[in-house]
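Examining the three-dimensional arrangement
Residue strings, one per chain:
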Amino acid sequence: MGHVRFYLRSLGAHIRAVLEYQSDFWILVAAGIGTQTLGIVFLGAVFARVQTLNGWTFGEVVLIYALAGLAQSVVPVIADGIWELGKSIHDGNLDYYLVRPYPPVLQVMSSQVGFNGVGDTVGAGILLGWALFHVDVGWTVGKVLVGAILLVSAIVIRVAITVASNSVSFWVRSPFPMFATAVYHVGELARYPISIYGFALKLVVVVVVPFAFAGFVPASWLLDKGGYGWLGLLTPVVAVAWAFLAYRMFHHGLRRYESAGN
Amino acid sequence: MRVRAYARVLRASAKTIFAYRVSFLFGSVGAIFQLLAMVALWTALLRNRDELAGFSLTDMKSYLLVGYATGVLGTGFGEQWMAERIRSGAVSLDLVKPLNYQKARFAESLGGLPMEVALVVVVGTVFTSFAGPVMTPAYHLLFLISLLAVVPIKFMILYVSTLICFWTQNYHGVSWARNVIVAVFSGALVPLVFLPQWVNVLATALPFASITSTPALIFIGRISEAEAARLVGLQLMWVVLLWYIGQFAWRRSVRHLTVHGG
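Source: prediction; values computed, not measured.

Tallying secondary structure elements over chain A gives 13 helices and zero strands in all. Against the compact-globule benchmark of 18 Å for 262 residues, chain A has a radius of gyration of 19 Å, which places it among compact chains. Counting only C-alpha atoms and orienting by the principal axes, one finds that chain A spans roughly 65 × 40 × 35 Å. By the burial criterion, 54% of the 262 residues in chain A qualify as buried.

Another point: the interface of chain A and chain B. Between chain A and chain B, the residue contacts involve 36 residues of the former and 39 residues of the latter. Taking both partners together, chain A and chain B bury about 3,400 Å²; carbon and sulfur atoms supply 77% of that area. Per-residue buried area on chain A facing chain B is highest for Leu38(A), Phe42(A) and Arg49(A); these three make up 18% of the total on that side. Our enumeration of links across chain A and chain B arrives at zero salt bridges. Counting across the interface, chain A meets chain B through two residue pairs in polar contact (both at pLDDT 80 or more). Mapped onto the side of chain A that touches chain B, the elements with two or more residues apiece are α2 (22-47), α4 (85-91), α9 (178-186) and α10 (199-208) of chain A. In terms of residues, the side of chain A that touches chain B owes the most to one element, α2(A), which gives twelve residues.

So, on to a positive patch on the surface. Together, Arg4(B), Arg8(B), Arg11(B) and Lys15(B) make up a region of like positive charge exposed at the surface. Its location among the elements puts Arg8(B) in helix α1 (residues 3-19).

To continue, consider the packing of α9(A) against helix α2 (residues 21-45) of chain B. Orientation of α9(A) relative to α2(B), taken along the N-to-C sense of each, is 10 degrees, at an axis distance of 8 Å. Taken as axis vectors, α9(A) and α2(B) run roughly parallel relative to one another. On α2(B), the residues that touch Met178(A), Phe179(A), Ala182(A), His185(A) and Val186(A) of α9(A) are Ser23(B), Phe26(B), Gly27(B), Val29(B), Gly30(B), Phe33(B) and Gln34(B). Looking at side-chain class alone, the contact of α9(A) with α2(B) contains seven nonpolar, five polar and no charged residues.

A word on the side chain of Ser110(A). Residue and element names in this part refer to chain A. Mapping Ser110 onto the fold places it in the loop between α6 (104-109) and α7 (116-134). The buried category is assigned to Ser110, whose relative accessible area is 0%. Within polar-contact distance, the side chain of Ser110 engages the side chain of Ser10 at 2.9 Å. Leave out the neighbours within four places in its chain, and Ser110 touches Tyr7, Ser10, Leu11 and His14.

What follows covers helix α9 (residues 171-186) of chain B. All names here are of chain B. Taking 1.5 Å as the rise per residue, α9 with 16 residues should run 22 Å; its terminal C-alpha atoms sit 22 Å apart, in good agreement. Along α9, the positions that sit buried rather than exposed are Tyr171, Gly173, Val174, Ser175, Arg178, Val180, Val182, Ala183, Val184, Phe185 and Ser186. Positive backbone phi, at 85 degrees, marks Gly187, one or two positions downstream of α9.

Right, let's talk about the packing of aromatic side chains for a bit. Applying the stated criterion across every chain, the model contains 21 aromatic pairs over all chains. A centroid spacing of 4.0 Å and a plane angle of 10 degrees characterise the contact between Tyr101(B) and Trp250(B), whose relative ring orientation is stacked. With Tyr101(B) in helix α6 (residues 101-111) and Trp250(B) in helix α12 (residues 225-253), the pair connects residues that are 149 residues apart, well separated along the chain. Judged by its relative accessible area of 5%, Tyr101(B) is buried. When the ring of Phe166(B) is compared with that of Trp250(B), the centres are 5.9 Å apart and the planes differ by 65 degrees; the resulting orientation is edge-to-face. Of the two residues, Phe166(B) sits in the loop between α8 (140-163) and α9 while Trp250(B) sits in helix α12, which places them 84 residues apart along the sequence. Each member of the pair, Phe166(B) together with Trp250(B), is buried. Among the aromatic residues, ring-to-ring pairing joins Phe42(A), Tyr65(A), Tyr192(A), Trp42(B), Phe55(B), Tyr63(B) and Phe194(B) into one connected group. Just above the ring of Tyr65(A) sits the side chain of Arg191(A); from NZ or CZ to the centre is 3.8 Å.

Reading guide: rules and limits
Residues numbered from 1 in each chain as written. Chains lettered and ligands numbered in written order. Predicted model: local features only at pLDDT ≥ 70, side-chain atom pairs only at ≥ 80, totals over all residues. Heavy atoms only, no water. Helix = DSSP H or I, 4+ residues; strand = E, 2+ residues; numbered from the N terminus. Rg over C-alpha atoms; globule rule 2.2 N^0.38 Å. Buried < 20%, exposed > 50% of the residue type's maximum accessible area, 1.4 Å probe, protein only. Contact = heavy atoms within 4.5 Å. Buried area = accessible area lost by both parts, 1.4 Å probe. Salt bridge = Lys/Arg side-chain N within 4 Å of Asp/Glu carboxyl O. Polar contact = N/O pair within 3.5 Å; in protein donor to acceptor, adjacent residues only side chain to side chain. Patch = residues over 30% accessible without salt bridge, like charges linked within 9 Å, V, L, I, M, F, W, Y side chains within 5 Å. Areas by Shrake-Rupley, 256 points an atom, 1.4 Å probe, with all protein chains shown as cover. Lys, Arg positive; Asp, Glu negative; His and termini not counted. Charge placed at Lys NZ, Arg CZ, Asp CG, Glu CD. Axes fitted to C-alpha atoms, helices over the stretch in contact; angles between N-to-C directions. Parallel < 35°, antiparallel > 145°, perpendicular 65-115°, else oblique. Nonpolar A, V, L, I, M, F, W, Y, C, P; charged D, E, K, R; others polar. Expected span 1.5 Å × (residues − 1). Phe/Tyr/Trp six-rings, centres within 6.5 Å; stacked < 30°, edge-to-face > 60°. Lys NZ or Arg CZ within 6 Å of the ring centre and 35° of its normal.

Any link to function would need more than the numbers given here.
Here is the structure:
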């Protein structure tokens, strides 16, 4: 429990710091909402002229898009600091984290708050609410509970992928997290029904980097459609596996860390 | 004339980007995945119909490929460096150099071109071989000029938006917000004809359509040669206008410079 308390305090300190710069806060929130809106502008423009995309209705596609967006939007709020890992390694600033009695990976994750995540969450939340009104889901208590578990798992998967991909900075020395950025963009694929992709791309988003489990797959389970629904129940398993993998990768990389020297 | 000085800046930047080529390549993966996602989406959309808003699948693939190319060219190597130097106050060292700040940054941006062109050629070749068939440009010369004009226009838009860092502390928000606006109004997200009338009206008054829409429409020959020539003229007007806007914005921004300690 101590870890959680420290984590929240660390985030709190940064929230206060960011709120000192109010224009930054609003720019970030607006950027977040704008980013979420982009996909809907695209989908809206397209669905004005077609009825279905590979058998998926507008409401269903928005549900997939919003679910993936919501899972992703939490990452900047709780783990934005991990994007600075490459820079910390490059500058030797990781030293500070190593001398404190608290897991370095958590310190790095909570060393920054991305308020764009607030805008993302609001934007994706509104979309998800809209989509749920426009799709056919046979709601039961069980479905609500499992749905909640899948959502949390989806968030864990996104955080884990972000941590793991940024941990590559221990090997690829660059102050900018290019590798992680590239991986992040792969996630864009999972915001649409993956049935439109060829085998290789499906393999990438389901197996190699399981972004599909943070959007399309749980949505497919919820809608009981697309032939991937059964995979949805594996989402928590994937989440636990990737959380473990990300943790191991960070620590494996940490052993390679050598300070910048003075 | 200090052409030689700027040529040196250009060479230094080209060397830097070559030294960081692994990062550069990782950084380019994102756009490639977006291209793949979009091709898959449009292929699914156009599977059972000949055209959407007058775009056949071949048109759309060509449009997306040109959109990819204009997204890569002049990506503004140095955008992040510039933002970081303004934020930290290190920009003060640039101020004492006897070079025009904007020209020096433009030279840096041009230094990225060799790698960018190489990337576009490789991706374009692979794309046409696998995602096949794309057309050849309808009006060769006009297409070439419009593609070249993209480089300074994109630079100036990046440059002016990065100057906002003199006011805000957080560069990412500015960068994301700008990307949203550019994606919608440039036609990179979806051809402008798919978007509502008011977006189109607004787009004619903004420089962003010059980045993607103009070269892409010229490439696929969707517009007459006279119209193509008019749009290229408009691009050249934006090059000149944005250059002076940049100079003006710099003079205003630099007064806001904050340098911490020493």
